[in-house]
Amino acid sequence: MIDINLGILTIVAGILILKYYFGLKKNEKGGLTFNLIGAGIGSILIGITLILREIF
């Protein structure tokens, strides 16, 4: 049960990070935005993995 809650929280965190990235102004792109994309997608994948590990 704890893994499912952690999975949901990390998915939400990943979505919030990606929303923050898309909210940035176009002229502020740089190395930070690449790290934000990686962190957001990584958080979502970790959350999905935690949920799947708990279910199966």
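Every value quoted in this text rests on a predicted model; they were computed, and no experiment measured them.

Asks: Just checking my understanding: could you explain the overall build of the chain for this structure?
Replies: A count of helices and strands for the chain gives two helices and zero strands. Put simply, of all contacts in the chain between residues at least 6 apart along the chain, 68% involve residues at least 24 apart. Here the chain displays about 4,200 Å² of accessible surface, and carbon together with sulfur accounts for 73% of that area.

Asks: Would you mind going over the pattern of salt bridges with me for this structure?
Replies: When charged atoms on two side chains of opposite charge get close, those side chains can pair. A full pass over the atoms with the stated rule returns one salt bridge. In this structure, Arg 53 and Asp 3 form a salt bridge, with 3.4 Å as the shortest nitrogen-oxygen distance. Placement of the pair is Arg 53 in helix 2 (residues 31-55) and Asp 3 in helix 1 (residues 2-23), with a sequence separation of 50 residues.

Asks: Whenever I open this one, the side chain of Ser 43 confuses me. Can you help?
Replies: The topology assignment puts Ser 43 in helix 2. Engagement of the side chain of Ser 43 in a polar contact is seen with the backbone oxygen of Ala 39, the distance being 2.8 Å. When residues no more than four places from it in sequence are discounted, the contact partners of Ser 43 are Thr 10, Ile 11, Gly 14 and Ile 17.

Asks: Which parts of the structure should I look at to understand helix 1?
Replies: Taking 1.5 Å per residue as the helical rise, helix 1 with its 22 residues ought to reach 32 Å, and the 31 Å between its terminal C-alpha atoms agrees with that figure. Along helix 1, the residues that are buried comprise Asp 3, Gly 7, Ile 11, Gly 14, Leu 18 and Tyr 21. The buried residues of helix 1 occupy an angular sector of 85° when the element is viewed end-on, so they sit on one face. Among the exposed residues of helix 1, those pointing more than 90 degrees away from its buried face are Ile 2, Leu 9, Leu 16, Lys 19 and Gly 23.

Asks: Can you walk me through the environment of Ile 11 in this structure?
Replies: By the secondary structure assignment, Ile 11 is in helix 1. Each residue touching Ile 11, except ones within four places of it in the same chain, is listed here: Ser 43, Ile 44, Gly 47, Ile 48 and Ile 51.

Criteria and cut-off values
Residues numbered from 1 in each chain as written. Predicted model: local features only at pLDDT ≥ 70, side-chain atom pairs only at ≥ 80, totals over all residues. Heavy atoms only, no water. Helix = DSSP H or I, 4+ residues; strand = E, 2+ residues; numbered from the N terminus. Contact = heavy atoms within 4.5 Å. Areas by Shrake-Rupley, 256 points an atom, 1.4 Å probe, with all protein chains shown as cover. Salt bridge = Lys/Arg side-chain N within 4 Å of Asp/Glu carboxyl O. Polar contact = N/O pair within 3.5 Å; in protein donor to acceptor, adjacent residues only side chain to side chain. Expected span 1.5 Å × (residues − 1). Buried < 20%, exposed > 50% of the residue type's maximum accessible area, 1.4 Å probe, protein only. Arc of directions from axis to C-beta.

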